[in-house]
Amino acid sequence: MGKPVCLIVGAGPGTGTECARRFARDGYAIAMFARNRERLDELESELGDAKGYVCDVSDLEQLVDTVHKVQSEMGPPEILIHNAVSGVLEGGGASTFLESNPQRLEHNFRVNTTSLLYLAREVAPAMIEAGRGAILVTGNTSAMRGKARFAYFAPTKAAQRILAQSMARDLGPKGVHVAYILIDAAIDTPRTRPIIAADKPDEFFCKPSAIAEEMFRVAHQDRSAWSFDVEIRPFGENW
Amino acid sequence: MAKTETALVVGVGASRGLGAASARRFAREGLHVVVAGRNAEKVPRVAEEICAAGGSAEAVIGDAANEGDTIRFVETAEAKGPLSLVLQNSGSNRRDPFLELASADFEQIWREHCLAGFLTGRESARRMVPRGRGTILFTGASGSLRGSAYYAAFAAAKAGLRAVAQSMAREFGPKGIHVAHSIIDGGIAGDRFLSRFPDAEKEQGADSLLSIDAIAEAYWQLHIQHRSAWTLEQDLRPWVETF
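This one's a predicted model, so the numbers in the text were calculated from it and none came from an experiment.

Trainee: Could you clarify how one ought to interpret the overall build of chain B in this entry?
Mentor: The secondary structure content of chain B amounts to eight helices and seven strands. Here the C-alpha atoms of chain B give a radius of gyration of 17 Å, agreeing with the 18 Å that 2.2 N^0.38 yields for 243 residues. Seen along its three principal axes, the alpha-carbon backbone of chain B occupies a region of about 55 × 35 × 35 Å. When each of the 243 residues of chain B is scored for burial, the buried share is 54%. In chain B, 71% of the contacts between residues at least 6 apart in sequence involve partners at least 24 apart.

Trainee: Just to check I follow, could you spell out the overall build of chain A for this structure?
Mentor: Within chain A one finds seven helices and nine strands. Oriented by its inertia axes, the alpha-carbon framework of chain A measures out at about 50 × 35 × 35 Å. Out of the 239 residues in chain A, the part that is buried amounts to 51%. For chain A, contacts bridging at least 24 residues in sequence account for 67% of all contacts bridging at least 6.

Trainee: So what exactly am I meant to see when it comes to the nonpolar core here?
Mentor: The nonpolar side chains of a soluble globular protein tend to be buried, and buried together. In this structure, Met32(A) and Val35(B) are the most contacted members of the largest nonpolar core, which totals 151 residues. Among the elements that make up this core, the one with the highest residue count is helix H5 (residues 152–172) of chain B (ten residues). In contact with Val35(B), other than residues within four places in its own chain, are Val9(B), Val12(B), Gly19(B), Ala23(B), Val43(B), Val46(B), Ala47(B), Ala57(B) and Ala59(B).

Trainee: Whenever I open this one, the pairing of strand S6 (residues 176–183) of chain A confuses me. Can you help?
Mentor: Successive residues of a regular strand alternate their side chains across the two faces of the sheet. Residues and elements named next belong to chain A. With eight of eight residues buried, S6 lies mostly within the body of the structure. Here eight bridges tie strand S5 (residues 133–140) to S6, and the two strands are oriented parallel to one another. Paired with Thr138 across the bridge in S6 is Ile181. With helix H5 (residues 154–171) bridging S5 and its parallel neighbour S6, the resulting β-α-β unit is right-handed.

Trainee: Looking at this model, I keep getting lost on the interface of chain A and chain B. Mind explaining?
Mentor: Quoted interface sizes are often the accessible area lost when the parts come together. Taken together, the 30 residues of chain A in the interface contact 31 residues of chain B. Counting residues per element, the ones that place at least two in the side of chain A that touches chain B are strand S8 (205–206), helix H7 (208–219) and strand S9 (229–232) of chain A. Residue contributions to the side of chain A that touches chain B peak at five residues, all from H7(A). Grouping the constituent residues of the side of chain A that touches chain B by class yields 13 nonpolar, seven polar and ten charged.

Trainee: Would you mind going over helix H8 (residues 212–223) of chain B with me for this structure?
Mentor: Note on helix geometry: an α-helix contains 3.6 residues per turn, so any two residues three or four positions apart are oriented the same way. Residue and element names in this part refer to chain B. An ideal rise of 1.5 Å per residue puts 16 Å on twelve residues; H8 measures up with 17 Å between its terminal C-alpha atoms. With nine of twelve residues buried, H8 lies mostly within the body of the structure. Within H8, burial applies to Ile212, Ala214, Ile215, Ala216, Ala218, Tyr219, Trp220, Leu222 and His223. Each element contacted by the buried residues of H8 is listed here: helix H1 (18–28), strand S4 (83–88), strand S5 (134–141), strand S6 (177–184) and strand S7 (233–236).

Trainee: How should I be thinking about the environment of Val9(B) in this particular structure?
Mentor: Residues and elements named next belong to chain B. Within the secondary structure layout, Val9 lies in strand S1 (residues 6–10). On the neighbour-count criterion, Val9 (34 C-beta atoms within 10 Å) is buried. With 35 residues separating them along the chain, Val9 and Pro44 place their C-alpha atoms 13 Å apart. Residue contacts for Val9: discarding those within four places in its chain leaves Gly19, Ser22, Ala23, Val33, Val35, Ala36, Leu87 and Asn89.

Trainee: Just checking my understanding: could you explain the pairing of S9(A) for this structure?
Mentor: Residue and element names in this part refer to chain A. Every second residue of S9 is oriented toward a common face, with Asp229 and Glu231 on one face and Val230 and Ile232 on the other, all of them buried. Sheet topology places S6 next to S9; four bridges connect them, and they run parallel. The residue bridging Ile183 from the neighbouring strand is Ile232, located in S9.

Trainee: Hey, could you run me through unusual backbone geometry in this one?
Mentor: With phi around 75°, Arg149(A) is a residue other than glycine that occupies positive phi space. Along the chain, Arg149(A) turns up in the loop between S5 and H5. C-beta crowding within 10 Å serves as the criterion here: with 18 such atoms nearby, Arg149(A) is assigned to the partly exposed category. Phi at Tyr150(B) is positive, roughly 75°, even though this residue is not glycine. With respect to the helices and strands, Tyr150(B) occurs in the loop between S5 and H5.

Cut-offs used in this document
Residues numbered from 1 in each chain as written. Chains lettered and ligands numbered in written order. Predicted model: local features only at pLDDT ≥ 70, side-chain atom pairs only at ≥ 80, totals over all residues. Helix = DSSP H or I, 4+ residues; strand = E, 2+ residues; numbered from the N terminus. Rg over C-alpha atoms; globule rule 2.2 N^0.38 Å. Buried ≥ 20, exposed ≤ 12 C-beta atoms within 10 Å, placed from the backbone. Contact = placed C-beta atoms within 7 Å. Core = buried A, V, L, I, M, F, W, Y, C linked by C-beta atoms within 7 Å. Pairing = 2+ DSSP bridges. Right-handed = clockwise from strand over helix to strand, strands pointing away. Nonpolar A, V, L, I, M, F, W, Y, C, P; charged D, E, K, R; others polar. Expected span 1.5 Å × (residues − 1).

This is the structure in structure tokens:
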């Protein structure tokens, strides 16, 4: 029998990459979606049993086609990690409520929320048939509160969490574990660090490898004790 | 040689219970486990079983809501080695029509959950903070988040305990102490539930009750989380539970 497949949508340089490494380490074949071919190539050669697919998640037709490609080339995913995100860094920029373009909300909603629905509809049937599977969604505190400058982002994360919750209640009794991992922190990636807090110490950040460890743990919980809401933050976080 | 690290589980009863399962899980990792509870017959048996299985454990009898007893629990653990992991799991449940709920019963439930949690938390933190490390876990319930009809005493006590945990987490996180609260949302397949509903799992299907070992595993995983990604709260429920 082949290795179980873990599909990571949003294989960015932080959480996505570390999840690929963590799940590969325990015997998963990794399917990865990202816009950047270069990083996918690097991960493919690093991980061995992994395949990268260039995919723009905001193009829903392309997204579904790419999932079909994974299913025929690698097999049906046993785990889906929805880590695609759009607009997370806009809050620090010029996106004040009055200045930003309302179309940003629609775009962010499609990447952060609608794509989860499309992905889950494609991968859940095989999980239900197998009687097992997990859908893990990464979120942040915008799922719980709309801060100033986040008007074009927070509503999409709140909707994403509620969508996941609705899926969890529907798919749970069918054997599919849906969980929302809320990361209350700045994640330490080469991209976020200079923008969010160049002057902060290491302790201010959530380490992507620690997040991946938590994702792996949640994906392998015994079905008699499943978590839906999982929140994690660095020990020194002020909240 | 460094002394063995110790764990303390407050609220241990039957062998087939969450406290005992957690104690077994912690002992499997090489910790010396102090099991604390009120029942002078059941609690020592849990410790004996751990020792018979090759682990290291001892029993202390006492009331978690009694300040002197709680201090003794912590001292017993510290005498064997630095206390690195504490689980506060004590307390009972009762169902009362609100108009018939006696004030003494309301207060008693609050003492078992909320006051006991505060005492265990404070005494443990007093030892852990100077060392800059340690984990303090609390067992919560769906009642921690909502007051169902007939459960005013339990829900008020559990909501209070949750606030204690949250307040501790915010104060002690930056001092290196991981405080975590787990919302157990479902029937637990232990003596307390199964003695009242012996056929529950047969009627509702496989894994429809929370396995005590699965919860204990989730507790252990909280303890080993990296401090750059700590969980304060997690919910745990059976896959078929409606919520």
